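Residue-level listing of the chains:
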Amino acid sequence: MIEVKNITKKYGKFIAVDDISFEVKDHEIIGFLGPNGAGKSTTMNMITGYIEPSRGKIIINGYDISKSPKKAKRQIGYMPENVPLYNELTVKEFLNYMAELKNVKKKEKKEAINKIIEETGLKDVENKIIKKISRGYKQRVSLAGALVGNPDILILDEPTVGLDPKQITEIRTLIKKLGKSHTVILSSHILPEVSQICQKVIIINKGKILAIDTPENLEDQTKAENSILITVEDKENNMNKINSKIKAIKDIKLVKDNEDGTKQYLIIANKDNDIRKDLFDVLPKENITIFELKQTETTLEDAFLKVINNKESEIKKAENKGVTKKKRREEELNKMNKQDRRKAKKEDKKAERKAKKEQFNLEWEKEKEENKKIKEEAKLRKKEKNKSNKKASAKKEVIDKSSKINKKEVKNKSSKTNKKGGKK
Amino acid sequence: MWAIYKKELKNYFLSPIGYVYIGIFLLACSLFFYLDIFTYQSSDFANLFGSSSTVLTFIVPVLTMRMFAEERKNGTEQILLTSPKSITQIVLGKFCAAVSVVIIATLATLMYFLVLKCFGVPHIATALVSILGFALLSIAYVSFGMFASSITENQIIAAVISVGFFLLSWFLPSMIYSASNFSLMYAFYMSFMNGTIAIDNLTLLLSFTLMFVLFTIIVIQKRKLVK
C-alpha cells in the first residue's frame, strides 16, 4: 500500500511535480503514463526516497519515507531509469552486494540470488563483468537487483526501453508474473505496454495528474461516438437514404471510392446504440451488398492524446485570457495623458502587490492547517498503535494459552498414534 | 556499513587506483629515504616523513576523488541512496575503505625502519609515534578529499579542490604565521615528527577529520532536497 499525499517538487521556480496525490493498493500493477519530462521519474524518485519532496508526504506500508526511511526503503525494490550499475563487478557480485545492502540474511542469500538469476534469465552471464554484457542483459540485471530481498513493492522506471521485441515480451510476462505477488509501479511512454500489463493507469503531464483509471475505462471515456467502417457495393446509390431508415445514425461519410465498384463509408452513431445489426437488416433490402463491416476501436493512444490535448488547451485558454487583459490595459494606458498614465501604472502595481500578498497569506494559512492536520494524524496514529499493542499483547496471552492447550492435545494424539504404530 | 566497506575496498584493488596510490607513495618514500636519510647517514627514521608528507598533497586526491563523484555521475548513487542503509552508514563505509588503503600504505613504510635497523640503532618509540602521526595526517586528508568529492559530480574538480586546499594548508603558514596553528601539515611537523604527541595537535587532526566526515554526511543529506 502506497499513499502519496499532495506532493510537490520545485526546482527554483520550475515546478516538476505539482500537488499529486494517489493511492496504490496491494498487488496492483500501476502504470505511469506521460510524455517525456512529465514528472514520471521525479515522482518515482520521491516514492523511493531518493529525492525529498518540497511539500507533501509519502507513506509506504504505514511508514513515512522521510521520517522512517530505513523501514520504508526495505519495502521497495527500485529499478532506476538508465539502469545505473557497477560496471566493474560481475553480475553475481553485484547481486551479492545488493543482497548485503538490503540486509538479506547470510544463510538465505545464496539461494535467493540463484532463484532470482533463474527468474530473470541471467544464468548465461552470471559470471561476466557487467561492463561487457549487452544492454538487454543490463536491464535484466537492474531488475534482478530490484528483486533482491523480496520487497513488497517494485518500482520500475521504463523497464523495457532499449530492448528488442523478444526481450520486451519476456520482461512483460515477468512483470505480469511478479504482479501477482508484488505491488508494481512502472512508468512508460509506450501505450500498448501499459494497457497490456497494468490494471490502472495514471496519466501525468507537466507535473499534474490528468487521469487515474483502468485502461478500459479510459478508452471508453474517449469513445464519445460509435463509429463503423463499412465497405459496400451500392449500384443505385441508396446509401444516402439510409439515414432516414436507421434513426440512431448521426452521420454518413464517404471515405474512399474503390475502383472495383465498391465504396467505403464511415457511419457515426450514438455511443449507446449498436447499429451493426440494423445495418445487416436494412442494407440488403435497399439493394446494397455488404463486403466488409468493422467497428473502429479507440485505443489508449487516442485517450492519452485526447486527455493531454484537452488539458493543454484549457491551460492555454487561461493564459491567453491573461495576455489579452494585459494588452487591453496597455492600450487604455496609451490613450491617457502622461500624468494619468503614471498614476494608473502605480495603481496597477499596488493592486498586483495586494493580490500577491493575499495569495501568499492564503497559502500560508493552508500550510498551517495542513501542519495541524498532520500533527493530529500523528497523534491518532500513536493512540491506535498503543491500542493495537495492548490488544496484541492481550491476544498473545490468549494465543499462548490456547497454543499450550493445542500442544497438549497434539502431544496426546501423537503419543496415541505412536502407540498405535508401535502396536502395528 | 560493512557491505559498503567491503565493496569499496575491493573496488580499490580491482581498479588500479589502490595500486597506483600505494606504488607512488612508496616510490616517493624510497626517494626521500635515499635523499634524507641515506645520504646524510642518519638513523632518524622520522626524517622520512618530513618530505613524503608533501607527497600526500597530490596523491590523496587521486584516491578520494571518485568516492562520491563517480557514483553521482554514473547514477549508481540511486542504488545506494534507495537501499535501506542510512547515509551515515554509507559515508562511514566509504571513508573506512579509503582509510584502510591509506593505512596499508603507511604501514608499508615500516620496511624502511627494518633497513635502518640493519645499519644502525633507530629509536623505535619515536618511529612509531611518527607513523601514527603520519597515519592521522593522511586520514585527515582523506576526510577532506571525501568532502570535496561529495560536493561535485566531476572527479577532476573534486581532485583540484582538494589539491588546492592542501596546498593552502602547506604554504599559508609561511605567509601568515597565525595560520600555522590550523595547518594540518604543521600540526604533524611540530610534534609527531619529533616523537612527541601534543594534545593540541592531536585534537586538531582528529577534530578536522570528524568535521569533514560530518560535513560529507550533511551535504549528501541536504542534496536530497535540491536534486
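Residues numbered from 1 in each chain as written. Chains lettered and ligands numbered in written order. Predicted model: local features only at pLDDT ≥ 70, side-chain atom pairs only at ≥ 80, totals over all residues. Heavy atoms only, no water.

1. Regarding the overall build of chain B
Alright, step 1. Along chain B, the regular secondary structure elements total 11 helices and 0 strands.
Alright, step 2. Reading chain B from its N terminus to its C terminus gives the helix and strand order α-α-α-α-α-α-α-α-α-α-α.
Alright, step 3. Taken along its principal axes, the extent of the C-alpha atoms in chain B is 60 × 40 × 25 Å.
Alright, step 4. Split into buried and exposed, the 227 residues of chain B put 55% on the buried side.
Alright, step 5. In chain B, 77% of the contacts between residues at least 6 apart in sequence involve partners at least 24 apart.
Alright, step 6. Carbon together with sulfur atoms contributes 74% to the accessible area of chain B, which is approximately 10000 Å² in total. (Helix = DSSP H or I, 4+ residues; strand = E, 2+ residues; numbered from the N terminus. Buried < 20%, exposed > 50% of the residue type's maximum accessible area, 1.4 Å probe, protein only. Contact = heavy atoms within 4.5 Å. Areas by Shrake-Rupley, 256 points an atom, 1.4 Å probe, with all protein chains shown as cover.)

2. Some words on the domain arrangement of chain A
Alright, step 1. Domain boundaries in chain A define domain 1 (2-220) and domain 2 (224-297).
Alright, step 2. The gap between the C-alpha centroids of domain 1 of chain A and domain 2 of chain A is 47 Å. (Domains from an automatic or database assignment.)

3. Some remarks on the interface of chain B and chain A
Alright, step 1. Contacts between the two partners involve 26 residues from chain B and, on the opposite side, 26 residues from chain A.
Alright, step 2. Of the roughly 2600 Å² buried between chain B and chain A on both sides combined, carbon and sulfur atoms contribute 59%.
Alright, step 3. Here chain B and chain A share 3 salt bridges between them.
Alright, step 4. Note that lysine 224 of chain B and glutamate 52 of chain A form a salt bridge whose closest N and O atoms lie 3.9 Å from each other.
Alright, step 5. One can count 11 residue pairs in polar contact (both at pLDDT 80 or more) joining chain B with chain A.
Alright, step 6. No other element matches the 7 residues that helix H1 (residues 2-14) of chain B contributes to the side of chain B that touches chain A. (Buried area = accessible area lost by both parts, 1.4 Å probe. Salt bridge = Lys/Arg side-chain N within 4 Å of Asp/Glu carboxyl O. Polar contact = N/O pair within 3.5 Å; in protein donor to acceptor, adjacent residues only side chain to side chain.)

4. Side note on the sheet that holds strand S10 (residues 208-213) of chain A
Residues and elements named next belong to chain A.
Alright, step 1. The strand order across the open sheet formed by 6 strands is S6-S7-S8-S3-S9-S10, and the pairing between neighbours is mixed. Whereas interior strands pair on both sides, the edge strands pair on one side only; in this sheet they are strand S6 (76-79) and S10. Direction aside, neighbouring strands of the sheet carry axes that sit 15° apart on average.
Alright, step 2. Here strand S3 (residues 29-33) runs beside strand S8 (residues 183-188); their pairing, made up of 5 bridges, is parallel. The residue of S8 that forms the bridge with isoleucine 29 is valine 184.
Alright, step 3. Contacts from helix H1 (residues 40-47) reach S3, S6, strand S7 (153-157), S8 and strand S9 (200-205) within the one sheet, and its direction differs from that of S8 by about 155°. (Pairing = 2+ DSSP bridges. Axes fitted to C-alpha atoms, helices over the stretch in contact; angles between N-to-C directions.)

5. Some details on a negative patch on the surface
Residues and elements named next belong to chain A.
Alright, step 1. On the surface, a cluster of negative charge is made up of Asp19, Glu365, Glu369 and Glu370.
Alright, step 2. Counting residues per element, the negative patch draws most heavily on helix H12 (residues 338-423), at 3 residues.
Alright, step 3. Topologically, glutamate 369 is positioned in helix H12. (Patch = residues over 30% accessible without salt bridge, like charges linked within 9 Å, V, L, I, M, F, W, Y side chains within 5 Å. Lys, Arg positive; Asp, Glu negative; His and termini not counted. Charge placed at Lys NZ, Arg CZ, Asp CG, Glu CD.)

6. Things to note about the nonpolar core
Alright, step 1. By size, the foremost hydrophobic cluster in this structure holds 143 residues, and its most contacted members are Ile47, Phe94, Ile185 and Ile203 of chain A together with Tyr21 and Phe45 of chain B.
Alright, step 2. When residues in this core are grouped by element, the largest group, 14 residues, is from helix H8 (residues 124-150) of chain B.
Alright, step 3. When near neighbours in sequence (up to four residues on either side) are disregarded, tyrosine 21 of chain B contacts Leu56, Ile59, Val60, Leu63, Val101, Val102 and Ala105 of chain B.
Alright, step 4. Of all hydrophobic cores here, the second largest spans 17 residues; its members include Ile230, Met239, Ala248 and Ile252 of chain A. (Core = buried A, V, L, I, M, F, W, Y, C linked by side-chain atoms within 4.5 Å.)

7. A closer look at a nonpolar patch on the surface
Residue and element names in this part refer to chain B.
Alright, step 1. A contiguous nonpolar patch, built from Ile103, Leu107, Leu110, Ile124 and Leu128 and spanning about 420 Å² of accessible area, is present on the exposed surface.
Alright, step 2. Every element with two or more residues in the nonpolar patch is listed here: helix H6 (87-108) and H8.
Alright, step 3. Considering the arrangement of structural elements, one finds isoleucine 103 in helix H6.
Alright, step 4. By relative accessible area, isoleucine 103 is classed as partly exposed at 32%.

8. Digging into unusual backbone geometry
Residue and element names in this part refer to chain A.
Alright, step 1. Located in the positive-phi region is asparagine 6, a residue other than glycine, with phi close to 50°.
Alright, step 2. If you trace the backbone, asparagine 6 turns up in strand S1 (residues 2-11).
Alright, step 3. The exposure class of asparagine 6 is partly exposed, given its relative accessible area of 34%.
Alright, step 4. Positive phi, normally seen in glycine, also occurs at asparagine 82, with a value near 65°.
Alright, step 5. Tracing the backbone through its elements, the reader meets asparagine 82 in the loop between S6 and helix H3 (91-101).

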